Amino acid sequence: MASLRLIFAGSGPFGAAALESLQASNHTLCAVLSQPDRPAGRRLKLRPTPVSEIALGASLPLLRPDALDASVCDELASHHADALVVADFGRLIPESWLWLCPGGSLNIHASLLPRWRGAAPIARAVEAGDSTGGCTIMLMDAGLDTGDILAQEAIPFAPDETAASARARLAPLGADLLLRYLSDFDPKHPARQPQDETQACHAPALRKNEAPIDWANPATRIAAKIRAFNPHPVATTRCGDETLRLWQAQAHSTQTAEPAGKVLRCDPTGLWVACGEGQVQIAELQRAGGRRMSAQDFCNARPLTGLQLA
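Residues numbered from 1 in each chain as written. Predicted model: local features only at pLDDT ≥ 70, side-chain atom pairs only at ≥ 80, totals over all residues. Heavy atoms only, no water.

Novice: Quick question: what am I supposed to make of the packing of helix 1 (residues 13-24) against helix 2 (residues 50-57) here?
Specialist: Two quantities define a packed helix pair, namely the angle between the axes and the distance from one axis to the other. Viewed as axis vectors pointing N to C, helix 1 and helix 2 meet at an angle of 25 degrees, and their least axial separation amounts to 7 Å. With respect to their mutual orientation, helix 1 and helix 2 come out roughly parallel. Counted together, P13, G15, A16, L19 and E20 of helix 1 and P50, V51, I54 and A55 of helix 2 form the full contact between these two elements. Here the residues of the contact of helix 1 with helix 2 sort into seven nonpolar, one polar and one charged. (Axes fitted to C-alpha atoms, helices over the stretch in contact; angles between N-to-C directions. Helix = DSSP H or I, 4+ residues; strand = E, 2+ residues; numbered from the N terminus. Parallel < 35°, antiparallel > 145°, perpendicular 65-115°, else oblique. Contact = heavy atoms within 4.5 Å. Nonpolar A, V, L, I, M, F, W, Y, C, P; charged D, E, K, R; others polar.)

This is the structure:
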């Protein structure tokens, strides 16, 4: 495998997995670009991104600019890299940067494009009940995840897949797919496949105002939403004056005459709640300010059977 000179742009855990793989490969990382440190935790101390932490630990040249301006562009151009690799950066790459390097800008996207273009492809795939997910290496263009496909690989989603578990599986898949693609990378003549625009759908970022559960919906839709909103922003429901956070759930087709949102029972398998169609079995939940716990442990401390969720 020929050694390439690369610039890497990333911020979150998905990008961190790709950076770790590149750092362990024979490729040269000329520079790493990440978002600035942000306040985090109860004390709001400045914390570097996961990508910045890896770059600092490996003594890689690291840029954390507040703005992606001309000075940053000039700094990156000075490295004369073969390609810019982008993964989980969290900021739009300026259009003028896309061909800063001879090989262009390569993006690791956590979906099987053109399905789920946008900021939250993993969560929206889980929310939609997709049975398959995957990663795409894309040659970036000026559109939102509209560039030509360079490589793809799919994996099946488990029935209890959450956005958190899917991301944990897709991150190393994307990193490995990138390395395999780079092993035969030709900056001047990359093999590329245009996306089928008729199959495109969008994955906007999850919003906190989407978190409340509407129990009148079918159980399949509710359970998928609960899993999609794990780990953030976490699905919620009201029980009296209290907000409960819901972390894991499964749908069941068994019908009941009880109203939607009624807690039917709690047993070792979970908390069972009536829905508009079927029932949801909640396996893990949390009180505000409390810790995550199994439904059975939760109900041992506070019985919910017979109560109405809203």
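Novice: Explain helix 3 (residues 70-77) to me, please; I cannot follow it from the model alone.
Specialist: The set of residues buried in helix 3 consists of V72, C73 and L76. The buried residues of helix 3 occupy an angular sector of 100 degrees when projected down its axis, which confines them to one face. When the buried face of helix 3 is taken as reference, the exposed residues oriented beyond 90 degrees from it are A70 and D74. Next to the buried residues of helix 3 lie strand 1 (5-10), strand 2 (28-33) and strand 5 (62-63). (Buried < 20%, exposed > 50% of the residue type's maximum accessible area, 1.4 Å probe, protein only. Arc of directions from axis to C-beta.)

Novice: Mind showing me how you'd approach the sheet that holds strand 2 here?
Specialist: Whenever strands of a sheet pair, they do so through backbone hydrogen bonds, lying parallel or antiparallel. Taken in spatial order, the seven strands line up as 5-2-1-6-7-8-9 in an open sheet, and their pairing is mixed. Looking at the sheet topology across the chains shown, the edges are occupied by strand 5 and strand 9 (148-156). (Pairing = 2+ DSSP bridges.)

Novice: How should the nonpolar core be read in this particular structure?
Specialist: As a rule of thumb, nonpolar side chains are buried together in soluble globular proteins. In this structure, F8 and W215 are the most contacted members of the largest nonpolar core, which totals 75 residues. Here this core takes 10 residues from helix 5 (residues 163-182), the largest share from any one element. If you look at the next biggest cluster of nonpolar residues, it comprises 21 residues, including C30, A31, W97 and L98. (Core = buried A, V, L, I, M, F, W, Y, C linked by side-chain atoms within 4.5 Å.)

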